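# Observations on the model geometry
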Amino acid sequence: MSKEIKLKDLYVGQLITRNQLEETQVYTIAEINHIDVLLKWQEGTHECQQWSDYSDCYLPTLKQIEYSIHQNGRLVSAADI
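## Concerning a negative patch on the surface
Taken together, Glu4, Asp36, Asp53 and Asp56 make up a surface patch of like negative charges. Position of Asp53 among the secondary structure elements: in strand β4 (residues 46-53). Residue class for Asp53 comes out partly exposed when judged on its relative accessible area of 34%.

Put into structure tokens, the structure is as follows:
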């Protein structure tokens, strides 16, 4: 099971998920603004992003990371932001 992350523990470049499902998208934190985080992720060759509040951020499990890479080809890395 994924571990929920508190706001004080979030940092730019960190991988997170927004739920605890095994088949879920893994996001990379690109920016933190007070209680909001800018999330980036890949959908095929397209890099996507969206602002969201920090609640329900979880550390991804290895299975979640593997699933997200398999579905999207790659993760957004800290070097991409």
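On we go.
## Let's talk about the environment of Glu4
For Glu4, the location among the structural elements is in the segment before β1 (15-16). Counting along the chain gives 74 residues from Glu4 to Ala78, while the straight-line C-alpha distance between them is 21 Å. Glu4 has contacts with Asp56, Cys57 and Tyr58, leaving out every residue within four places of it along the chain.

## Observations regarding the pattern of salt bridges
The full count for this structure, using the stated rule, is three salt bridges. We note a salt bridge from Lys40 to Glu47, for which the minimum N-O separation is 3.5 Å. Among the residues examined, Glu47 registers a relative accessible area of 39% and is labelled partly exposed. Between Asp80 and Arg74 there is a salt bridge, with the nearest N and O atoms lying 2.6 Å from each other.

## A few points about a nonpolar patch on the surface
Together, Val12, Ile32 and Ile81 line one region of the surface with nonpolar side chains, adding up to about 220 Å² of accessible area. When you line up the elements, Ile32 lands in strand β2 (residues 27-33). What makes Ile32 partly exposed here is its relative accessible area of 33%.

## Notes on unusual backbone geometry
Phi angles above zero are rare outside glycine, and His34 is one such case at about 60 degrees. Judged by its relative accessible area of 70%, His34 falls in the exposed class. With phi around 60 degrees, Asp56 is a residue other than glycine that occupies positive phi space. Along the polypeptide, Asp56 turns up in the loop between β4 and α1 (62-72).

## Some words on the pairing of β4
One face of the sheet, then the other: side chains in a regular strand alternate in exactly this way. Across eight bridges, the pairing between strand β3 (residues 36-43) and β4 is antiparallel. Following the sheet pairing, Asp36 is matched in β4 by Asp53. Connecting the antiparallel pair β3 and β4 is a turn made up of two residues, with Gly44 showing a positive phi of about 65 degrees.

Parameters at a glance
Residues numbered from 1 in each chain as written. Predicted model: local features only at pLDDT ≥ 70, side-chain atom pairs only at ≥ 80, totals over all residues. Heavy atoms only, no water. Patch = residues over 30% accessible without salt bridge, like charges linked within 9 Å, V, L, I, M, F, W, Y side chains within 5 Å. Areas by Shrake-Rupley, 256 points an atom, 1.4 Å probe, with all protein chains shown as cover. Salt bridge = Lys/Arg side-chain N within 4 Å of Asp/Glu carboxyl O. Lys, Arg positive; Asp, Glu negative; His and termini not counted. Charge placed at Lys NZ, Arg CZ, Asp CG, Glu CD. Helix = DSSP H or I, 4+ residues; strand = E, 2+ residues; numbered from the N terminus. Buried < 20%, exposed > 50% of the residue type's maximum accessible area, 1.4 Å probe, protein only. Contact = heavy atoms within 4.5 Å. Pairing = 2+ DSSP bridges.

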